[in-house]
Each structure stands twice: as structure tokens, then as C-alpha cells.
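Given next are the chains, with one letter for each unit.
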Amino acid sequence: MSYLPPQPYPPMPGGVTPLVAYPHPITPPPGYAVLVVAVNRGPYLVPVPTTSRFKIDRQPVPIPGEGVWHIAVPPGPHDVRYTDFLGVPIVTTSVVVQPGAAHHLSFRFGGWRNRVHDGHGTDVTRFGLWSNYSIMLVALAVIVPLCCGGLALVGAFSAAP
């Protein structure tokens, strides 16, 4: 499968600081690239971007919420991930960026799995934790029979003469 080459951004006025998220397209400093990160809120009551941390090469990058964010990064390979408030990875991927180009990543927090897609729609998730809803369903499927079965067992032994 062949991909189109990454497209450079048109120039924007003003200086750009590396590893800072901007809500508008930016021109990277000389020798840098732009990582365009799209983040959805997920199906959760509390949106994922507000409770989780976005990190590039283990450095936190403040992304205040859902939407599309533009981040200047140095060229080369990068580890990109969302972690929960304890630092446990929710979804991770790797990206190799070329100087002066825009590289797109779309973080999709879904009802069953958390995934990352590149600008062409290809799933580039290296690790995607199950969503909170699917973890809750699995936990309930295990805990409810244990509790109900345990209560029935205790009731059977206490009722025996």
C-alpha cells in the first residue's frame, strides 16, 4: 500500500514552542515537524482528554480537551500515548516524523476499545486498553456470580439443620 507524502503546513505568524499543543495549524520551527492530534471525548460521562494525560516520549503535553491539536516535535521516532492519572497507558503508538511535514494521529476512545489511526485511516495502535465500559462488563460478569453464588452457598449452609 502506498501513502501520499506528508504535506507541509502553510506559514503562520508568530513563534512556536516545541511540545506545546496549539488549537490551530502552525508552522514548525526550522528542522521540526508538526504532529496533528485529533482526540474525541469518548462515550464516557467525564471526557477522556480531561481525565488523562497526553505524552510524547514520556513528556506530558498539555491538551486541555477534545478537538484537533497541533504540536511541534523534533524529527525522528517518537512514543506517543495517553495515560490515566496514575500513569497507566490507555493507548500507545509510535510515529516517525520527517522535518517540515505534518503527521496526523487520531485518538479514538470507544465503547469497547481505545484505538489510534493515522491520517490515512490505518490503525496504528501499538497498545489499546479496553475501554472502561468493557472492563466494567467483564468485572460484573465475574463478580456477580461469585457474590450471588457465595450468598446462596452461605444461605444453604445456615439453613441446614
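Each remark here, short or long, concerns the structure printed above.
Figured I'd write up the structure that's included with this text. (Residues numbered from 1 in each chain as written. Predicted model: local features only at pLDDT ≥ 70, side-chain atom pairs only at ≥ 80, totals over all residues. Heavy atoms only, no water.)

With respect to the packing of aromatic side chains
Then step 1. As enumerated under the stated definition, the model contains 4 aromatic pairs in all.
Then step 2. Each ring, one from Phe 54 and one from Tyr 82, has its centre 5.3 Å from the other, and the planes form 55°; the classification is tilted. One end of the pair, Phe 54, is in strand S3 (residues 53-56); the other, Tyr 82, is in strand S6 (residues 76-83), with 28 residues separating them in the sequence. Neither residue differs from the other here; Phe 54 and Tyr 82 are each classed as buried.
Then step 3. Here the aromatic rings of Phe 54 and Phe 107 are separated by 5.7 Å at their centres, their planes lie at 90°, and the arrangement is edge-to-face. Taken together, the residues Phe 54 in strand S3 and Phe 107 in strand S8 (residues 102-109) connect sequence positions 53 residues apart.
Then step 4. Assessed through its relative accessible area of 1%, Phe 107 is described here as buried.
Then step 5. A connected cluster of aromatic rings, assembled from ring pairs, spans Phe 54, Tyr 82, Phe 107 and Phe 109. (Phe/Tyr/Trp six-rings, centres within 6.5 Å; stacked < 30°, edge-to-face > 60°. Helix = DSSP H or I, 4+ residues; strand = E, 2+ residues; numbered from the N terminus. Buried < 20%, exposed > 50% of the residue type's maximum accessible area, 1.4 Å probe, protein only.)

Considering the pairing of S3
Then step 1. Alignment of S3 against S6, held across 4 bridges, turns out to be antiparallel. Opposite Lys 55, over in S6, you have Arg 81 as the bridge partner.
Then step 2. Pairing geometry for S3 and strand S4 (residues 59-61), over 3 bridges, is antiparallel. When the bridges of S4 are listed, Phe 54 appears paired with Val 61.
Then step 3. Connecting S3 to the antiparallel partner S4 that follows it, the hairpin turn spans 2 residues, and Asp 57 within it adopts a positive phi of roughly 50°. (Pairing = 2+ DSSP bridges.)

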